[in-house]
Protein chains: 2
Amino acid sequence: MRLVTITAIILVSTLFAATPAAAASGPWQALPDVAPAPADNPTTADKVELGKMLYFDPRLSSSGNVSCFSCHNVMEGGDDHRPTSIGVHGHVGGRNAPSVWNAAFLSSQFWDGRAATLEDQAKGPPANAIEMGMPNLDAVIGRVRNIPGYKPYFEKAFGAGEVVTMDNVAKAIAAYERTLITPNSAYDKYAKGDAQALTEQQVRGLNTFADVGCTSCHQGPTFSGPPLPVGTGFFMKFPTFPDSPYVTKYDFLSDTGRASATKDDADKNVWRVPGLRNLVYTAPYFHNGQVHTIGEAVRIMASTQLNQSLSDAQVADIVAFLETLSGPFPTQQMPRLPPTPGDLID
Amino acid sequence: MRLVTITAIILVSTLFAATPAAAASGPWQALPDVAPAPADNPTTADKVELGKMLYFDPRLSSSGNVSCFSCHNVMEGGDDHRPTSIGVHGHVGGRNAPSVWNAAFLSSQFWDGRAATLEDQAKGPPANAIEMGMPNLDAVIGRVRNIPGYKPYFEKAFGAGEVVTMDNVAKAIAAYERTLITPNSAYDKYAKGDAQALTEQQVRGLNTFADVGCTSCHQGPTFSGPPLPVGTGFFMKFPTFPDSPYVTKYDFLSDTGRASATKDDADKNVWRVPGLRNLVYTAPYFHNGQVHTIGEAVRIMASTQLNQSLSDAQVADIVAFLETLSGPFPTQQMPRLPPTPGDLID
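Quantities reported herein were computed from a predicted structural model and do not represent experimental measurements.

Caption draft 1: A look at the overall build of chain A. Looking only at helices and strands, chain A has 13 helices and 3 strands in total. Counting all 346 residues of chain A, 51% fall into the buried class. Partitioning the contacts of chain A with sequence separation of at least 6, the portion at a separation of at least 24 is 71%.

Next up, the structure:
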């Protein structure tokens, strides 16, 4: 996976700095109506149907009571409203659950960007001891094979033969996740040219957001960085200004971020730039879930990343703008899961 | 709550014994298309909508990750496929989760019948230390009040004023649960007069089910006993024949059943007669979830309740009949839950 950090950020900062007047019409990008899919996993209705079933199926966990949905609640903000998540047997994880909404547009997955694709990501939690607790991926696909009602759905999605595989589980879940997108927010309407879609305060907030420098990193349709090839993460040092009083207050240094995945000291406290959509639904914030409100998050970022102290009015305006990045969420029908013959409990 | 046991059972046994030839056309009752509702909580679309939201909301639990749905999975058999359920912080409960499907037709709730209505039942798990772990119901309604997006839904369902109350939470959840019914199974079609709805083996199983005496207790539209006034539980001693070898094999005596609720020795090992619908989806079976297959459950019941040993053919026929009591399940749209301002974690 390639690393894009400082060079790209300087380029982008320069772009925004050079054209502040064009900010409201030029660089603001709406979310596409369809999420991109890799060549070897085109999104089909049959895959989405199967993926939705698997996403909601707690039998993919050792205890039989934790599914993707448990921590990535698609009836809400795509996370779980907890500082850090609870997996099998009450085990508590180390980082705040990222939202699944619009993850399909990210060029790398997890807080530290250690997975290149949604397909890669989907194979992480099932065999994680804290999350879904299965000993390995063979055991996960064993569970799925022991539920015979799944087979026809795999065959519909992937054809005949030995299709009940972990790769296809991941492909189906990723296909479903590519439908979990929220274009057409008030912001998106504005970005597409509807000047009336935002209030005066929201537009002021949008311009403040660019002017103070938030768009150095939080840009593009998801505000997680410029669109990059899949697998090319967009990373940033956080905190960039470690003397900010917020750093100790919220314990931002103890998790080393990307270095925990790469074991490279250069990646210490480097993080994938997170997106900013649907923040209204995803409190608490940051990798450790220690910050409760969007306003406080804005103050923190201005201080730790830009060495700035914003006025209350600036913060209120930026929050008003960020709130325009919410929904609308697609209506979804509940899947029906096939029955288990006997039980599947550890 | 009144206790109906031996007298009613003898009456019913006599009825079936006296008219075995009429069994296939007379006493077989289809599930009504609509569940009955109490006079003070008529089922309305607005209540059902709110109730579905609350049913799926994990923020009603102390840890924020356990909802009604966690143990009563309406995407499957209305339970959780575990011997006994897991609640907050990995705590394991003592009894198998009863299915929520068709609970609306039962005249008492819980394995020991300690709740008279769905409304009463809904107030149990949130303040149970093992299940949803809230200290009391005041804390539960406090959580709901802290999510301002709920208020308009309560007002739509219950009118203006102080309507965000625990009583209304319970009423809304009960109203939603009254939509969780599965009429129109193959059996129901047969009971309504479509002789072709069941196969020859299934009809043979149905008649064997009556002839050997299962219908002494498992009768009525839900096979949980005769329709009785709400609050009038239909109870039975289990095991009736404690010398059955299955009793020690599956540890059926250590949980004292209804006596644990009433503290009355006469209720020792007395249980509410459970329904038999959707068994295909609800393994494992019995109050302790120790039995994995429907066939074994049939053998056990014949031995412990009727002191009979069935042939393999009889068991196969009865299982074939019981499988006709499955679904169809209504399609359901996922609810959207209102966001939390800040977080709500213990």
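Following the structure, the description resumes.
Caption draft 2: Layout of the relation of the copies chain B and chain A. When chain B is fitted onto chain A, the two copies agree to an RMSD of 0.0 Å after a turn of 180° and an axial shift of 0.0 Å. What the superposition gives is, in effect, a two-fold axis relating one chain to the other.

Caption draft 3: Examining helix α12 (residues 294–306) of chain B more closely. All names here are of chain B. Taking 1.5 Å of rise per residue, the 13 residues of α12 would be expected to cover 18 Å, and the 17 Å separating its terminal C-alpha atoms lies within 8% of that figure. The set of residues buried in α12 consists of Ile294, Ala297, Val298, Arg299, Ile300, Met301, Ala302, Thr304 and Gln305. The secondary structure elements touched by the buried residues of α12 are α10 (245–249) and α13 (312–322). Following α12 by one or two positions, Asn307 has its phi on the positive side, about 55°.

Caption draft 4: Inspection of helix α5 (residues 137–145) of chain B at higher detail. Residue and element names in this part refer to chain B. Listed as buried for α5 are Val140, Arg143 and Val144. In an axial view of α5, the angular spread of the buried residues amounts to 100°, which keeps them on one side of the axis. Structurally, α5 contributes buried residues whose contacts are with α7 (166–177).

Caption draft 5: Looking closely at the interface of chain B and chain A. Contact residues are listed per partner, giving 37 residues for chain B and 37 residues for chain A. Considered class by class, the residues forming the side of chain B that touches chain A number 16 nonpolar, 15 polar and 6 charged.

Caption draft 6: Summary view of the domain arrangement of chain A. All names here are of chain A. As far as domains go, chain A holds domain 1 (3–30 + 184–325) and domain 2 (45–177). Using only C-alpha atoms to locate each centre, domain 1 and domain 2 end up separated by 28 Å. With 31 residues of domain 1 in contact, the opposing surface of domain 2 contributes 25 residues. Those elements that provide at least two residues to the side of domain 1 that touches domain 2 are β2 (233–237), α11 (259–262) and β3 (270–272). Element by element, the count of residues in the side of domain 1 that touches domain 2 is highest for β2, at 3 residues. When the residues that make up the side of domain 1 that touches domain 2 are grouped by side-chain class, the tally is 13 nonpolar, 14 polar and 4 charged.

Caption draft 7: Region of the structure containing the environment of Pro27 of chain A. All names here are of chain A. Along the polypeptide, Pro27 turns up in the loop between α1 (6–18) and α2 (45–55). Using a count of 17 C-beta atoms within 10 Å as the deciding quantity, one classes Pro27 as partly exposed. On a C-alpha basis, the gap between Pro27 and Ala210 in space is 10.0 Å, while along the polypeptide they are 183 residues apart.

Caption draft 8: Looking closely at the packing of helix α12 (residues 294–306) of chain A against helix α13 (residues 312–322) of chain A. All names here are of chain A. Relative to each other, α12 and α13 sit at 115°, their axes nearing to 9 Å. The interaxial crossing formed by α12 with α13 has right-handed handedness. Facing α12, whose interface residues are Ile294, Gly295, Val298 and Arg299, α13 presents Val315, Ile318, Val319 and Leu322. Here the residues of the contact of α12 with α13 are counted per class, giving 6 nonpolar, 1 polar and 1 charged.

Caption draft 9: Spatial organisation of the nonpolar core. Ranked by internal contacts, the top residues of the largest apolar core, which has 84 residues, are Leu54, Ala172 and Ile173 of chain A together with Leu54, Ala172 and Ile173 of chain B. Setting aside anything within four residues of it in sequence, one finds Ala172 of chain B in contact with Lys47, Leu50, Gly51, Leu54 and Ala157 of chain B.

Caption draft 10: Expanded view of unusual backbone geometry. At the junction of Ala283 of chain A and Pro284 of chain A, the peptide bond is cis and its omega measures out at -5° in the coordinates. In this structure, Pro284 of chain A sits in the loop between β3 and α12. In this structure, His89 of chain B takes a positive phi of about 55° despite not being glycine. Positionally, His89 of chain B belongs in the loop between α3 (68–71) and α4 (118–122). The partly exposed category is assigned to His89 of chain B, around which 19 C-beta atoms lie within 10 Å. Unusually for a residue other than glycine, Lys263 of chain B sits at a positive phi of about 60°. Take Lys263 of chain B: it is sitting in the loop between α11 (259–262) and β3 (270–272). Lys263 of chain B gets classed as exposed once you count the C-beta atoms within 10 Å, which come to 9.

Caption draft 11: A look at the environment of Val319 of chain A. Residue and element names in this part refer to chain A. Summarising the element assignment, Val319 is placed in helix α13. Residues Val319 and Ile294, spaced 25 residues apart in sequence, show a C-alpha to C-alpha distance of 6.5 Å. Setting aside chain neighbours within four positions, we find Val319 in contact with Ile294, Gly295 and Val298.

Caption draft 12: Seen up close, the packing of helix α9 (residues 200–211) of chain A against α13 of chain A. Residue and element names in this part refer to chain A. Taken N-terminus to C-terminus, the directions of α9 and α13 make an angle of 105°; their axes are 7 Å apart at the nearest point. Put simply, α9 runs roughly perpendicular to α13. Each of Gln201, Gln202, Arg204, Gly205, Leu206, Thr208 and Phe209 in α9 lies in contact with α13, whose residues at this interface are Gln314, Asp317, Ile318, Ala320 and Phe321. For the contact of α9 with α13, the class distribution of residues is 5 nonpolar, 5 polar and 2 charged.

Caption draft 13: Focus on the confidence of the model for chain A. Residue and element names in this part refer to chain A. A residue-level look at chain A finds 91% of positions with pLDDT of 70 or above and a mean pLDDT of 92. Within the model, pLDDT remains below 50 along residues 1–25, and this stretch shows 34 contacts once partners closer than five positions in the same chain are excluded. Across the whole predicted complex the pTM is 0.92, and at the interface the ipTM reaches 0.91.

Caption draft 14: Fine view of the pairing of strand β2 (residues 233–237) of chain B. Relative to β3 of chain B, β2 of chain B is paired through 3 bridges, and the arrangement is antiparallel. Across the sheet, residue Lys237 of chain B finds its bridge partner in β3 of chain B, namely Val270 of chain B.

Caption draft 15: Structural view of the environment of Ser107 of chain A. All names here are of chain A. Here Ser107 shows up in the loop between α3 (68–71) and α4 (118–122). Sequence spacing of Ser107 and Pro227 is 120 residues, and the spatial spacing of their C-alpha atoms is 7.4 Å. Excluding residues that lie within four positions of it along the chain, Ser107 makes contacts with Leu228, Pro229, Val230, Gly231, Thr232, Gly233 and Phe234.

Rules used throughout
Residues numbered from 1 in each chain as written. Chains lettered and ligands numbered in written order. Predicted model: local features only at pLDDT ≥ 70, side-chain atom pairs only at ≥ 80, totals over all residues. Helix = DSSP H or I, 4+ residues; strand = E, 2+ residues; numbered from the N terminus. Buried ≥ 20, exposed ≤ 12 C-beta atoms within 10 Å, placed from the backbone. Contact = placed C-beta atoms within 7 Å. Least-squares fit on C-alpha atoms with pLDDT ≥ 70 in both. Expected span 1.5 Å × (residues − 1). Arc of directions from axis to C-beta. Nonpolar A, V, L, I, M, F, W, Y, C, P; charged D, E, K, R; others polar. Domains from an automatic or database assignment. Axes fitted to C-alpha atoms, helices over the stretch in contact; angles between N-to-C directions. Left-handed = near helix turned anticlockwise from the far one by under 90°. Core = buried A, V, L, I, M, F, W, Y, C linked by C-beta atoms within 7 Å. Parallel < 35°, antiparallel > 145°, perpendicular 65-115°, else oblique. pLDDT = per-residue confidence, 0-100. Pairing = 2+ DSSP bridges.

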